[in-house]
Amino acid sequence: MAGNYLEDRAAIHDLFTRYCCALDNGEVETVVACFTADAALKSPVIDLTGHDAIRAFAGRFAAQRAAGTQFRHMVTNIAATIDGHRATATAYLLVLISKDGGHRTLPPGRYECDLVRDSGTWRFTRRTVFHDHDYTLDGI
């Protein structure tokens, strides 16, 4: 039991990292694969449900990267509560944006997520992003 618990925790941590790196690197289908088909993704600038909407969202990040904007999503303090094939998880979030030799930081925030393990793979069913104060994000 302890081995499975530790493996699940490691897999959930990996899911957070895989999502952030794929979004930053413009890997649209990797982002989509982090979510269940009916997953919800919400933030101060989006409110999406399902793979098609998440794919379009990740595509906008990929287009920003292709145009010279580099996002860096950094997560820390990942805390997961696992209950069989379901879990909840939270993490702190900091996003850096570099473009044209300059950079800015979005307000610090956090992720609150619901997850499910399906056929041995953890995926987000709900991912909500909260930031400490409002901001604007062009092109997303």
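Placed above this text is the structure.
Being a predicted model, the structure only gives us computed values, none of them experimental. Counting of residues starts from 1 at the beginning of each chain's written sequence and follows it residue by residue. Reporting of local features is limited, given that this is a predicted model, to residues whose pLDDT is at least 70; pairs of side-chain atoms are given and counted only at 80 or more, and all residues count toward the totals for whole chains, interfaces and linings. With hydrogens and water stripped out, all remaining heavy atoms of the structure feed into the side-chain values.

1. As for the pairing of strand β3 (residues 70-83)
The pairing criterion for strands is at least two bridges between them, as found by DSSP. Helix numbers and strand numbers start at the N terminus; a helix is a DSSP run of H or I with at least 4 residues, a strand a run of E with at least 2. Alignment of β3 against strand β4 (residues 86-99), held across 12 bridges, turns out to be antiparallel. Note on β4: the bridge partner recorded for Arg-72 is Leu-96. Hairpin connection, β3 to β4: the antiparallel pair is bridged by 2 residues, and Gly-84 has positive phi, about 70°.

2. Section: the pattern of salt bridges
Each reported salt bridge corresponds to a side-chain nitrogen of Lys or Arg within 4 Å of a carboxyl oxygen of Asp or Glu. Tallying each qualifying case throughout the model produces 7 salt bridges. A salt bridge links Arg-18 to Asp-14; the shortest N-O distance between them is 2.4 Å. Of this pair, Arg-18 and Asp-14 both sit in helix α1 (residues 2-25), 4 residues apart, which is roughly one turn of the helix. The exposure class of Arg-18 is partly exposed, given its relative accessible area of 31%. Exposure categories follow from relative accessible area, calculated using a 1.4 Å probe and restricted to protein chains: below 20% of the type maximum is buried, above 50% is exposed, and the middle band is partly exposed. What makes Asp-14 partly exposed here is its relative accessible area of 40%. In this structure, Arg-55 engages Asp-52 in a salt bridge whose closest nitrogen and oxygen atoms are separated by 3.3 Å. Placement of the pair is Arg-55 and Asp-52 together in helix α3 (residues 51-66), with a separation of 3 residues, close to one helical turn.

3. Notes on the side chain of His-73
Within the fold, His-73 resides in strand β3. Counted as a polar contact is a pair of N or O atoms within 3.5 Å, where, for protein atoms, one must be capable of donating a hydrogen and the other of accepting one, and residues adjacent in sequence contribute only when both atoms are in side chains. Looking at His-73, its side chain comes within polar contact range of the side chain of Asp-24, at 2.6 Å. Contact definition: two residues touch when any of their heavy atoms are within 4.5 Å. Apart from the residues within four sequence positions on either side, His-73 is in contact with Cys-20, Leu-23, Asp-24, Phe-61, Leu-93, Leu-94, Val-95 and Tyr-111.

4. Looking at α3
Between its terminal C-alpha atoms α3 stretches 22 Å, which fits the 22 Å expected from 16 residues at 1.5 Å a residue. Listing the buried residues of α3 in full gives Ile-54, Phe-57, Ala-58, Phe-61, Ala-62 and Gln-64. On an axial view of α3, the arc spanned by its buried residues comes to 160°, and they lie on one face. Along α3, exposed side chains directed more than 90 degrees from the buried face belong to Asp-52 and Ala-66. At the C-terminal side of α3, Gly-68 shows a positive phi close to 105°. Take the residue count of a helix, subtract one, and multiply by 1.5 Å to get its expected span. The arc in question is the one traced by the directions running from the helix axis out to the C-beta atoms.

5. Notes on the side chain of Arg-117
Structurally, the position occupied by Arg-117 is in strand β6 (residues 109-118). By relative accessible area, which is 19% here, Arg-117 ends up buried. A polar side-chain atom of Arg-117 sits 2.6 Å from a polar atom in the side chain of Asp-8. Discounting chain neighbours no more than four positions away, the residues touching Arg-117 are Asp-8, Gly-84, His-85 and Trp-122.

From the geometry alone we can't say anything about function, so treat these as descriptive.
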